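Examining the three-dimensional arrangement
Residue-level listing of the chains:
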Amino acid sequence: MFLCQAVVAIGAMLPVIANAESVTGHIDLVSKYYLRGITNTYGNGDPLGNKFADAPESNRPAVQWGADYAPATGFYAGYWGSTINYSYKQLGDSYRDRTISDFQRDKSIENDFYGGYVAQFGELKLNAGLTYYYYLNGTAANAPETKLSISQGPFTFMAQTLLRDVVWGNSGDTYWTAAYTQALPYDFTFTSTLGFYTYQREGRYVGSRDTATGTACQAGEAFIVNGCFAGGGLKSSAFRHLILGLSQPIGSTGLTWGAQLIVGGQNRFGVNQGTRLAGSLSYGF
């Protein structure tokens, strides 16, 4: 779980836990923190008005950590956290105060609290859960998200739907993933994840109208957090990413190294995302 979660997304591939009776934890160092394949920008224009407060979540090494509890009943709960390289608080405040430009002050820390239930029918696993994203210094980013998945063998199909308008999405946005995981010789593990998004076009922080002032954006513009910017229209859906990952434990040290190739798709404005490499080093306990 650490590799996909660490460098790709806020809760993008939360664990599908079953048949376990344990509490486990991890602490990770990642080279970059990319959110669900977004490597360039959340926005649709240049400049956006929120310089130094845009994707990726961290364009420098980030520290991440987490813990999971999985009793034998099928219920599970967990927590995941990460440092972020800008302030969701300042970004949210800029929705009301357009003079704000210091997005490096009061940097946010992401905290994901999640839980759910896994039911198993032979080789088929059904997972229903909820994640709450809470950001230290980031009230305009806090929101719950549902999770539904089905797994069989190495394949997992998942849908995660946002339930509140936030600066990084609209209520109703759904992130769809199809993942494949395969054990390889010499303790290597290969993962691949296709990501796709369906979007709600209008929300408090993203849409065609500045809901703080009621002003409609001009033709060819879209509103994102702190203004209407030209450069792309609003899409109802888009291919988000292809992620190819490889990981391997380092002997009996408790450490695991990982590497990912993120092939970028498009964001909600149709802006192409770049292809990037990312690495991680994780200690599990």
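Above this note sits the structure.
The sections below set out a description of the structure shown in this document. (Residues numbered from 1 in each chain as written. Predicted model: local features only at pLDDT ≥ 70, side-chain atom pairs only at ≥ 80, totals over all residues. Heavy atoms only, no water.)

1. Topic: the side chain of Arg-240
Tracing the backbone shows Arg-240 in strand β15 (residues 237-249). In this structure Arg-240 is buried but unpaired, with Asp-173 as the nearest side chain of opposite charge at 7.2 Å. Polar side-chain contacts of Arg-240 include one of 3.1 Å to the backbone oxygen of Arg-36. When sequence neighbours within four positions are dropped, the list of residues in contact with Arg-240 reads Leu-35, Arg-36, Gly-37, Ile-38, Gly-195, Phe-196, Tyr-197, Tyr-199, Val-263, Gly-264, Gly-265 and Gln-266. (Helix = DSSP H or I, 4+ residues; strand = E, 2+ residues; numbered from the N terminus. Buried < 20%, exposed > 50% of the residue type's maximum accessible area, 1.4 Å probe, protein only. Lys, Arg positive; Asp, Glu negative; His and termini not counted. Salt bridge = Lys/Arg side-chain N within 4 Å of Asp/Glu carboxyl O. Polar contact = N/O pair within 3.5 Å; in protein donor to acceptor, adjacent residues only side chain to side chain. Contact = heavy atoms within 4.5 Å.)

2. Considerations on the sheet that holds strand β13 (residues 221-224)
Pairing is antiparallel across the open sheet formed by three strands, whose spatial order is β10-β13-β14. Among the strands making up the open sheet, the edge pair consists of β10 (206-207) and β14 (228-230). As defined by bridge partners, β13 adjoins β14 across three bridges and the pair is classed as antiparallel. Residue pairing in the sheet places Glu-221 in a bridge with Ala-230 of β14. (Pairing = 2+ DSSP bridges.)

3. Considering the pattern of salt bridges
As enumerated under the stated definition, the model contains seven salt bridges in all. Of the charged contacts in the structure, one is a salt bridge between Arg-105 and Asp-102, with a shortest N-O distance of 3.9 Å. What makes Asp-102 partly exposed here is its relative accessible area of 39%. A salt bridge links Asp-106 to Arg-105; its shortest N-O distance comes to 3.2 Å. Among the charged side chains, a salt-bridge network with shared partners connects Lys-89, Asp-93 and Arg-96.

Everything listed here is a matter of geometry and, on its own, says nothing about what the molecule does.
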